Amino acid sequence: QVQLVESGGGLVQPGGSLRLSCAPSGSIFRLATMGWYRQAPGKQRELVAAITRGGSTNYADSVKGRFTISRDNAKNTVYLQMSSLKPEDTAVYYCNLATPVKDMYWGQGTQVTVSS
């Protein structure tokens, strides 16, 4: 069973930055596609960004140019650097791991609140 441990959420003012980290257990990380999703109150969970094992990335239109996903295979860690944060970015952010055979694993979520 893969476990994902997220960190880095918190309260930030509009225009500020945060970096989320996620460190899955086990040795599947380097073969997996990693993603960050978010869910705001009353809304469906949505994909924010994803990165394949080869380093290809894709982003939701709402975060393009502001968020950057990256991975460090040596540290078994995926990051989400968030800049120019807006109140509408407020949500619980979830780390996701998808194996080559499409098994999916989720972290427990970390709260990001953008407010003055």
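What counts, and where the lines are drawn
Residues numbered from 1 in each chain as written. Predicted model: local features only at pLDDT ≥ 70, side-chain atom pairs only at ≥ 80, totals over all residues. Heavy atoms only, no water. Helix = DSSP H or I, 4+ residues; strand = E, 2+ residues; numbered from the N terminus. Contact = heavy atoms within 4.5 Å. Polar contact = N/O pair within 3.5 Å; in protein donor to acceptor, adjacent residues only side chain to side chain. Core = buried A, V, L, I, M, F, W, Y, C linked by side-chain atoms within 4.5 Å. Buried < 20%, exposed > 50% of the residue type's maximum accessible area, 1.4 Å probe, protein only. Pairing = 2+ DSSP bridges. Salt bridge = Lys/Arg side-chain N within 4 Å of Asp/Glu carboxyl O. Axes fitted to C-alpha atoms, helices over the stretch in contact; angles between N-to-C directions. Phe/Tyr/Trp six-rings, centres within 6.5 Å; stacked < 30°, edge-to-face > 60°. Lys NZ or Arg CZ within 6 Å of the ring centre and 35° of its normal.

Novice: Sorry, what's going on with the environment of Thr 90 here?
Specialist: Locating Thr 90 in the fold gives a position in the loop between strand S8 (77–82) and strand S9 (91–98). As a C-alpha pair, Thr 90 and Gln 44 span 46 residues in sequence and 13 Å in three-dimensional space. If we ignore the near neighbours within four places in the chain, the residues touching Thr 90 are Ala 40, Gln 111, Val 112, Thr 113 and Val 114. A polar atom in the side chain of Thr 90 sits 2.9 Å from the backbone oxygen of Pro 87.

Novice: When you look at the nonpolar core in this model, what are you seeing that I'm missing?
Specialist: Side chains that are nonpolar tend, in soluble globular proteins, to be buried together. Ranked by internal contacts, the top residues of the largest apolar core, which has 29 residues, are Met 34, Trp 36, Val 78, Leu 80, Met 82 and Tyr 93. Here this core gets four residues from one element, more than from any other, and that element is S9. Beyond its immediate chain neighbours, meaning those up to four positions away, Tyr 93 contacts Glu 6, Leu 20, Trp 36, Tyr 37, Arg 38, Val 48, Phe 67, Leu 80, Met 82, Gly 109, Thr 110 and Val 112.

Novice: Where do I start with the pairing of strand S4 (residues 33–39) in this structure?
Specialist: On any regular strand, side chains alternate: one points to one face of the sheet, the next to the other face. Among the seven residues of S4, five are classified as buried, and the element is accordingly described as predominantly covered. Note that S4 and S9 share seven bridges and pair antiparallel. Following the sheet pairing, Gly 35 is matched in S9 by Asn 96. Looking at chain direction, S4 and strand S5 (residues 46–51) are connected through five bridges and run antiparallel. When the bridges of S5 are listed, Arg 38 appears paired with Glu 46. With antiparallel pairing between neighbouring strands as the criterion, S4 and S5 make up a hairpin whose turn holds six residues, including Gly 42 at a positive phi of roughly 80°.

Novice: In this structure, what is going on with unusual backbone geometry? I would like to understand it.
Specialist: Negative phi characterises most residues that are not glycine, and trans characterises most peptide bonds. Within the chain, Ser 84 stands out as a residue other than glycine whose phi angle is a positive 50°. Among the secondary structure elements, Ser 84 is positioned in the loop between S8 and S9.

Novice: Please explain the pattern of salt bridges as it appears in this structure.
Specialist: Note on pairing: side chains with opposite charge can pair once their charged atoms come close. Under the counting rule described, the total for this entry stands at four salt bridges. Linking Asp 61 and Lys 64 is a salt bridge whose minimum nitrogen-to-oxygen distance equals 3.1 Å. Here the two residues Asp 61 and Lys 64 agree in accessibility, since each one is exposed. If you follow the salt bridges from partner to partner, you end up with Arg 38, Glu 46, Arg 66 and Asp 89 in one network.

Novice: What's the story with the sheet that holds strand S3 (residues 18–24) in this structure? I'm lost.
Specialist: To summarise the sheet geometry, strands pair through backbone hydrogen bonds and adopt either a parallel or an antiparallel arrangement. In space, the four strands of this open sheet follow the order S1-S3-S8-S7, with antiparallel pairing throughout. Where the open sheet ends on each side, the last strands, each with one partner, are strand S1 (4–7) and strand S7 (67–72). In this sheet, neighbouring strand axes are inclined to one another by 15° on average, regardless of whether the strands run parallel or antiparallel.

Novice: Can you help me understand the packing of aromatic side chains in this one?
Specialist: Aromatic ring pairs are reported here in terms of the distance separating the ring centres and the angle at which the planes meet. Tallied over the entire structure, the rule returns one aromatic pair. Relative to Trp 106, the ring of Tyr 37 has its centre 4.9 Å away and its plane inclined at 65°; by these criteria the two rings are edge-to-face. One end of the pair, Tyr 37, is in strand S4; the other, Trp 106, is in strand S10 (residues 104–106), and 69 residues separate them in sequence. Judged by its relative accessible area of 18%, Tyr 37 is buried. Taking relative accessible area as the criterion, Trp 106 reaches 34% and is therefore assigned partly exposed. Over the aromatic face of Trp 106 sits the side chain of Arg 45, whose NZ or CZ is 4.6 Å from the ring centroid. Stacked on the ring of Phe 29, the Lys or Arg Arg 71 has its end atom at 4.5 Å from the ring centre.

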